[in-house]
Amino acid sequence: MNFNIVTVSGDGIGPDIIAEAKNILNVIGKKYNHTFHFTEKPAGGIAIDTCGCPLPEDTIEACKKADSVLLGAVGGPKWDHLGGNDRPEKALLGLRGSLELFANLRPAVLHKQLKEACPLKPEIIGDSLDILIVRELTGGIYFGKRGRTEGGAYDTMAYSEKEIERVLRVGYGAAMKRRKKVTVVDKANILETSRLWREVANRVAKDFPEVETSFLYVDNCSMQLIRDPRQFDVIVTENMFGDILSDEASMLTGSIGMLASASLGETKRGMYEPIHGSAPDIAGKDVANPIATVLSAAMMLRYSFDLEEEARAVENAVTKTLDDGYRTADIWSEGMKKVGTKEMGRLIAERI
Ligand code: IPM
Ligand code: MG
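Residues numbered from 1 in each chain as written. Chains lettered and ligands numbered in written order. Predicted model: local features only at pLDDT ≥ 70, side-chain atom pairs only at ≥ 80, totals over all residues. Heavy atoms only, no water.

Enquirer: Can you help me understand the overall build of the protein chain in this one?
Expert: Broken down by element type, the protein chain carries 12 helices and 14 strands. In terms of C-alpha radius of gyration, the protein chain reaches 20 Å, essentially the compact-globule figure of 20 Å for 352 residues. Overall size of the protein chain, expressed as C-alpha extent along the three principal axes, is 50 × 50 × 40 Å. Going through the 352 residues of the protein chain one by one, you find that 55% of them count as buried. Carbon together with sulfur atoms contributes 52% to the accessible area of the protein chain, which is approximately 15300 Å² in total. (Helix = DSSP H or I, 4+ residues; strand = E, 2+ residues; numbered from the N terminus. Rg over C-alpha atoms; globule rule 2.2 N^0.38 Å. Buried < 20%, exposed > 50% of the residue type's maximum accessible area, 1.4 Å probe, protein only. Areas by Shrake-Rupley, 256 points an atom, 1.4 Å probe, with all protein chains shown as cover.)

Enquirer: Explanation requested: the domain arrangement of the protein chain in the structure shown.
Expert: Accessible area lost on assembly of the parts is the figure often given for the size of an interface. Looking at the assigned domains, one finds that the protein chain contains domain 1 (1-101 + 265-352) and domain 2 (119-253). In terms of surface lost to domain 2, no three residues of domain 1 exceed Leu93, Arg96 and Ile275, which account for 63% of the buried area on that side. At the boundary of domain 1 and domain 2, one finds zero salt bridges. Seen at the junction of domain 1 and domain 2, the total is zero residue pairs in polar contact (both at pLDDT 80 or more). Counted by class, the side of domain 1 that touches domain 2 contains three nonpolar, one polar and three charged residues. (Domains from an automatic or database assignment. Buried area = accessible area lost by both parts, 1.4 Å probe. Salt bridge = Lys/Arg side-chain N within 4 Å of Asp/Glu carboxyl O. Polar contact = N/O pair within 3.5 Å; in protein donor to acceptor, adjacent residues only side chain to side chain. Nonpolar A, V, L, I, M, F, W, Y, C, P; charged D, E, K, R; others polar.)

Enquirer: Which parts of the structure should I look at to understand the pattern of salt bridges?
Expert: Side-chain pairs of opposite charge can arise whenever the charged atoms involved come near each other. Here the structure, examined in full by the defined rule, presents 25 salt bridges. Where aspartate 130 meets arginine 178, a salt bridge forms, and the shortest distance between an N and an O atom there is 3.2 Å. On the criterion of sequence distance, the pair formed by aspartate 130 in strand E5 (residues 129-136) and arginine 178 in the loop between helix H6 (161-176) and strand E8 (181-186) is long-range, its members being 48 residues apart. Note on aspartate 130: relative accessible area 29%, which makes it partly exposed. With a shortest N-O distance of 2.9 Å, glutamate 343 and arginine 346 are connected by a salt bridge. Of this pair, glutamate 343 and arginine 346 both sit in helix H12 (residues 341-351), three residues apart, which is roughly one turn of the helix. Accessibility expressed as a relative area gives 30% for glutamate 343, which makes it partly exposed. One network of salt bridges, in which partners are shared, links Lys320, Asp324, Glu343, Arg346, Glu350 and Arg351.

Enquirer: Mind showing me how you'd approach unusual backbone geometry here?
Expert: The phi torsion of most residues other than glycine is negative, and most of the peptide bonds are trans. Located in the positive-phi region is asparagine 33, a residue other than glycine, with phi close to 70°. Tracing the backbone shows asparagine 33 in the loop between helix H1 (14-32) and strand E2 (35-40). Residue asparagine 33 is classed as exposed on the basis of its relative accessible area of 66%. Here the phi dihedral of glutamate 100 falls at roughly 55°; this positive angle occurs in a residue that is not glycine. Within the secondary structure, glutamate 100 sits in the loop between helix H4 (89-98) and strand E4 (103-110).

Next comes the structure, spelled out in structure tokens:
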């Protein structure tokens, strides 16, 4: 089959890691007889420098027409002085919003080979860890009305029932294929939007009688993630809570350099990106860990192209590479073989 992929490498280590993910997709293409056409488009800091705005219209249009989008990272100190709407991060929000990617899947998986890298005690972490955070991505305080008043400022969190329901359904659907537990995380002791989330969740839960639903306040959840992370299967939560909890959960897996994500909407087209940032200090130095991006490409194969076998082939190759003792600097420990970005990509490709 033929697939058109827009790559948005972005800033910092973005180009380093996207190059490796493209390579892997080409290897998959050869092995399974698919053709992936890549078109690179600017967004983030590089777009500010070359086009004068973080998210050119042409990039949005190309992404809308593509079968899927693979994104590296945006941002860096060079653009930190810019104000709200001119910042590189605006490109991310713009893409999420204009492609209507309301459900952000962030799996926090601890590969057993990296158990040493997990900061928790072995008895807490057990054999492995596999949590899926489903973060609402196009609503809430990120997209609400904001502004300045005389001597003040405000941001608003607003949700419609429809926005809540559709992301909850993604979470429950995912739970059905996993351990059938959904934890809805909110701040219902304070926020009216959270109380609406609970109402809608209780309604949606009726359609998934096999799934066990529980509710947790976000502050408690952030504590429980450290105290007993294995209690969680799928966490569904609003935009900003999901942003914060997914960073916390990523640390349980040893390195933020390992975690992939998928942003999905009503159609098959999604946007796939590592959850880490642009790490400008190591950009272009061949040290960044490409695994999160490679695993994001695997998610693209699975969710956008329905190529489950191919997705597994990528994931197994990553596991095999770790089994064989290869590590980039961020996940390296005594006795392991330290490799750079390109070599890690090559080793994974070789194992496919
Ligand atoms: C993320 C990032 C973004 C977010 C920033 C860069 C806008 O932290 O994808 O988690 O807050 O959504
Ligand atoms: Mg974040």
